[in-house]
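Coordinate analysis (summary)
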Amino acid sequence: MHRKPPILRFIERYFFLLLIISIGALAVMMAMTVANVFMRYVFNAPIIGAYDLVEICMTISVYLALPAVILEGQPVVIDLIDGFLSQSTLASLKKTANAAAAIILGFLLWSMIKPAHDAYLYGDVKPEFGFPVWIVWAVALFGVFNSLVSALAAFVWTHATGHAANEEDSLV
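Each chain has its residues counted from 1, running along the sequence as written. With pLDDT at 70 or above as the cut-off, local features in this predicted model cover only qualifying residues; side-chain atom pairs require 80 or more to be listed or tallied, and sums for whole chains, interfaces and linings still use all residues. Working from all heavy atoms in the structure, the side-chain values ignore hydrogens and water.

Note on conventions: DSSP H or I runs of at least 4 residues are helices, E runs of at least 2 residues are strands, and numbering of each starts at the N terminus. Take Gly73: it is sitting in the loop between helix H2 (50-72) and helix H3 (87-122). Exposure is judged per residue with a 1.4 Å probe applied to protein chains only, and the accessible area is read against the type maximum: over 50% gives exposed, under 20% gives buried, and values in between give partly exposed. The class of Gly73 is partly exposed, set by a relative accessible area of 38%.

Attention now goes to the nonpolar core. Only buried Ala, Val, Leu, Ile, Met, Phe, Trp, Tyr and Cys residues count toward a nonpolar core, and they belong to the same one when joined by side-chain atoms within 4.5 Å. The biggest cluster of nonpolar side chains holds eleven residues, and these are Ile70, Ala102, Leu105, Leu109, Met112, Ala116, Ala140, Leu141, Val144, Leu148 and Ala151. Those elements that place two or more of their residues in this core are H3 and helix H4 (133-161). Residues count as neighbours in contact if any of their non-hydrogen atoms are within 4.5 Å of one another. Here Val144 is in contact with Tyr63, Leu105, Leu108, Leu109 and Met112, once residues within four sequence places are set aside. Leu8, Phe15, Leu18 and Leu71 belong to the second largest nonpolar core, which has ten residues in total.

Below, the discussion takes up a nonpolar patch on the surface. Here a patch means residues that are over 30% exposed by relative accessible area and free of salt bridges, tied together within 9 Å if like-charged and within 5 Å if nonpolar (Val, Leu, Ile, Met, Phe, Trp, Tyr). Here, Shrake-Rupley sampling with a 1.4 Å probe gives the accessible areas, and only protein chains in the shown set may cover a residue. Every case where a carboxyl oxygen of Asp or Glu lies within 4 Å of a side-chain nitrogen of Lys or Arg is listed as a salt bridge. Taken together, Leu80, Ile81, Phe84 and Leu93 make up a surface patch of nonpolar side chains, about 470 Å² in accessible area. Of note, Leu80 is situated in the loop between H2 and H3.

Scope: geometric values only; no functional claims are made or implied.
Written out as structure tokens, the structure is:
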């Protein structure tokens with residue numbers, strides 16, 4: 001059994017905090033959707049800004065939850081071949097998947113910078129709220145950066161121990 005280094009425990013707690021924020025955004029998004037549908041059909045008065053708020057909450061929910069999901073090794077997977085492979089082969093596949101995730105997230109982060117910068121330069125705003133779009137981009141960039149850190153931490157931990165971080169214990 002490998003004891004997790006303090007930095008990995010800190011990263012897990014930090015990503016757990018981002019996950020809590022993500023869950024809050026998801027709750028707000030669901031409540032706003034229900035309230036908007038109710039107001040629209042009962043009073044024929046939809047909530048102004050509901051679409052913008054749901055869109056912003058969706059960004060927060062997805063991008064801030066991703067780091068915890070990646071570090072825990074819990075993305076959607078299909079374990080069709082796990083039973084047929086040796087533990088060393090499985091560990092190699094996990095390392096490869098974590099490395100691929102880091103490369104893809106690095107490319108995603110790099111490709112998101114220009115549109116985020118453009119949204120800032122041109123002063124794009126949400127149509128109903130007038131909320132600056134660059135702030136939404138900043139949240140997305142923050143989430144992708146943390147996801148990249150998460151993928152790198154998962155790769156290092158898997159490389160050092162031969163198994164995923166979640167096989168020892170869960171977040172926090």
